[in-house]
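Chain by chain, the residues:
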Amino acid sequence: MQLTAVNIYSFSLSTPANCRAAPRWAGAWLGAAAAAASCGSTEEPCTGGVWCRLCTALSSASPPEMLRGKRVIVTGASSGIGEQMAYHLARMGAHVLLTARTEAKLQKVVDKCLDLGAASARYVSGSMESTAFAEEVVKEAENTWGGLDMLILNHIGHSFFDFFNGDVDHVRKLMETNFLSYVAMTVSALPMLKESEGSIVVVSSVSGKVASPFTAPYSATKFALEGFFSSLRHELIIENVNVSVTLCILGYINTESAVRAVSHVIKEAPAPKEECALEIIRSGALRQRELHYPASTVTPILLLRDFAPEFLDGLIRSNMRVENIKRAPPPQGSGH
Ligand SMILES: NC(=O)C1=CN([C@@H]2O[C@H](COP(=O)(O)OP(=O)(O)OC[C@H]3O[C@@H](n4cnc5c(N)ncnc54)[C@H](OP(=O)(O)O)[C@@H]3O)[C@@H](O)[C@H]2O)C=CC1
Ligand SMILES: C[C@H](CCC(=O)O)[C@H]1CC[C@H]2[C@@H]3C(=O)C[C@@H]4C[C@H](O)CC[C@]4(C)[C@H]3CC[C@]12C
């Protein structure tokens, strides 16, 4: 197969699919896709190497069959990237369990998923500020399906794009919503994921690798995800547990909430949420270690972080219209 010269993955340093670790259900699709791609790789069985031609070819294939009939939880699915992931999974014929706070929005997304061909679609509404709710969602999957193949952790609580105003309660709340609930859902889901040799997909951000101004609490929650889930990945491998952990490092994406929060400050154009959602699903299904999306901006940023951090810091600030930030007042009693 001729690999296209300019391909999102050719710029990406993320590890491609690790064929050795692919579970039974992934193997079926990997085999079909390999045949379709006529890769002819001499590297089979895959060594897991970054430049394995078979893996690179597979990364360019579309993943519909792989998710057919699989049982997938998507959090933060009432809008933005989570909503788009729900639609892609529905088109692929997966069973989806969606969650967020707003019931009316979730009902609409579920209806559309059913129209698009989901094997089944349902929702549970509630707030991820509480770890009890996080556990309840996983319980719902267990009661409904008796198992789980993929856990996509995507929701975030509301945050501000502004100078940090000293609001410690906001930081605590955001840590609970954006980080602790991810841990709680993972702990509850692990027995089912071990059984199915399934996947955990964690939606993070460039903010979880490189700090920029105006995102202090949000960035802290995303750095926490990297620490926790990268450590967990090690432990799963050490214990020969075949559950993959994919960390998705996203740049600026054109969701309504993101554009509303930053378009007056960030100069670059956002990447499309539909493609972003598909790349997240693909990276999870292919059990990639990390996804960088859009690779053309995320990968250079991560390279500069290690080789020219001060230059990168300057670049980040110069890419913002700082004069457009309207400082919010400090919270009462913060001493500011
Ligand atoms: N858009 C971007 O530019 C980028 C996004 N990302 C990441 O992508 C992911 C999705 O972002 P995006 O689609 O833009 O976000 P959206 O704001 O569009 O969606 C957030 C989702 O989380 C839900 N949510 C909000 N608060 C809570 C809560 N307390 N409990 C449970 N669910 C909640 C929302 O629904 P509801 O309000 O109904 O609860 C909604 O479904 C996030 O992890 C984000 O960090 C990373 C980098 C860039
Ligand atoms: C403030 C936004 C959340 C708005 C809300 O809660 O309603 C943030 C959600 C995603 C953030 C962006 C992101 O994660 C990618 C970039 C990371 C850089 O470090 C800063 C710019 C980002 C575009 C960042 C900006 C804030 C968000 C849109």
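Residues numbered from 1 in each chain as written. Chains lettered and ligands numbered in written order. Predicted model: local features only at pLDDT ≥ 70, side-chain atom pairs only at ≥ 80, totals over all residues.

**Focus: the site of ligand 1**
Part 1 of the argument: Residues in contact with ligand 1 amount to 27 residues; listed here are only the nearest, Gly76, Gly80, Arg101, Thr102 and Ala258.
Part 2 of the argument: Broken down by secondary-structure element, the contributors of at least two residues to the shell around ligand 1 are α4 (80–91), β5 (199–205) and α9 (256–262).
Part 3 of the argument: It is α4 that provides the largest number of residues to the shell around ligand 1, a total of three residues.
Part 4 of the argument: Residue classes in the shell around ligand 1 are distributed as ten nonpolar, 14 polar and three charged. (Near = placed C-beta within 6 Å. Helix = DSSP H or I, 4+ residues; strand = E, 2+ residues; numbered from the N terminus. Nonpolar A, V, L, I, M, F, W, Y, C, P; charged D, E, K, R; others polar.)

**Section: unusual backbone geometry**
Backbone geometry follows two general trends: most residues other than glycine have a negative phi, and most peptide bonds adopt the trans configuration.
Part 1 of the argument: Of note, the amide linkage connecting Tyr293 to Pro294 takes the cis form, showing an omega dihedral of -10°.
Part 2 of the argument: Residue position: Pro294 is located in the loop between β7 (290–293) and α11 (295–307).
Part 3 of the argument: A positive phi angle, close to 50°, is found at Glu197, a residue other than glycine.
Part 4 of the argument: Turning to its location among the elements, Glu197 is positioned in the loop between α7 (168–196) and β5.
Part 5 of the argument: Here Glu197 falls in the partly exposed class, since 19 other C-beta atoms lie within 10 Å of it. (Buried ≥ 20, exposed ≤ 12 C-beta atoms within 10 Å, placed from the backbone.)

**Details of the environment of Ala77**
Part 1 of the argument: Along the chain, the position of Ala77 falls in the loop between β1 (71–75) and α4.
Part 2 of the argument: Along the primary structure Ala77 and Ile200 are separated by 123 residues, whereas in three dimensions their C-alpha atoms are 16 Å apart.
Part 3 of the argument: Apart from the residues lying within four places of it in its own chain, the contact partners of Ala77 are Gly82, Glu83, Met85, Ala86, Leu98, Thr99, Ala100, Leu106 and Val109. (Contact = placed C-beta atoms within 7 Å.)

**A look at the site of ligand 2**
Part 1 of the argument: Surveying the vicinity of ligand 2 reveals 16 residues, the closest of which are Ser205, Ser207, Ser212, Tyr252 and Ala258.
Part 2 of the argument: Per-element tally for the shell around ligand 2: the top contributor is α9, with four residues.

**Considering the packing of α4 against helix α5 (residues 103–116)**
Part 1 of the argument: As a packed pair, α4 and α5 sit with axes 8 Å apart at the nearest point and diverge in direction by 25°. Classed by the angle they form, the pair α4 and α5 counts as roughly parallel. Remark: the crossing between α4 and α5 carries right-handed chirality. Touching Glu83, Ala86, Tyr87, Ala90 and Arg91 of α4 are Val109, Lys112, Cys113 and Leu116, all from α5.
Part 2 of the argument: Taken together, the residues that form the contact of α4 with α5 break down as six nonpolar, no polar and three charged. (Axes fitted to C-alpha atoms, helices over the stretch in contact; angles between N-to-C directions. Parallel < 35°, antiparallel > 145°, perpendicular 65-115°, else oblique. Left-handed = near helix turned anticlockwise from the far one by under 90°.)

**Observations concerning the nonpolar core**
Part 1 of the argument: In this structure, Ala86, Leu89, Val96, Leu151 and Val202 are the most contacted members of the largest nonpolar core, which totals 70 residues.
Part 2 of the argument: If one sorts the elements of this core by residue count, α7 sits on top with eight residues.
Part 3 of the argument: In this structure, Val96 is in contact with Val72, Val74, Ala86, Leu89, Ala90, Cys113, Ala118 and Ala121, ignoring residues within four places of it in sequence. (Core = buried A, V, L, I, M, F, W, Y, C linked by C-beta atoms within 7 Å.)

**Quick notes on the packing of α4 against helix α10 (residues 273–285)**
Part 1 of the argument: With their axes 8 Å apart at the nearest point, α4 and α10 run at an angle of 65° to one another. α10 is crossed by α4, and the crossing has right-handed handedness. Listed contacts from α10 to Gly80, Ile81, Gln84, Met85, His88 and Leu89 of α4 are Lys273, Glu274, Cys276, Ala277, Leu278, Ile280 and Ile281.
Part 2 of the argument: Residues of the contact of α4 with α10, tallied by class, amount to eight nonpolar, three polar and two charged.

**Digging into the confidence of the model for the protein chain**
Part 1 of the argument: Scored by pLDDT, the protein chain has a mean of 85; 80% of the residues are at 70 or more.
Part 2 of the argument: Reported confidence for the predicted complex is 0.98 by ipTM and 0.87 by pTM. (pLDDT = per-residue confidence, 0-100.)

**Focus on the sheet that holds strand β6 (residues 244–250)**
Adjacent strands of a sheet pair through backbone hydrogen bonds, lying either parallel or antiparallel.
Part 1 of the argument: With parallel pairing, the seven strands of this open sheet are ordered in space as β3-β2-β1-β4-β5-β6-β7. Looking at the sheet topology across the chains shown, the edges are occupied by β3 (120–125) and β7. The mean inter-strand angle of the sheet, taken between neighbouring strand axes irrespective of direction, is 15°.
Part 2 of the argument: Of the strand pairs in this sheet, β1 and strand β2 (residues 95–100) are connected by five bridges, and their pairing is parallel. The partner of Val74 across the bridge, within β2, is Leu98.
Part 3 of the argument: Across the sheet, α5 lies against β2 and β3, angled at about 170° from β3, the strand it touches most. (Pairing = 2+ DSSP bridges.)

**Considerations on the pairing of β7**
Part 1 of the argument: Side-chain alternation along β7 places Glu290 and His292 on one buried face and Leu291 and Tyr293 on a second face that is also buried.
Part 2 of the argument: Here four bridges tie β6 to β7, and the two strands are oriented parallel to one another. Its bridge partner being in β7, Cys248 is matched across the sheet by Leu291.

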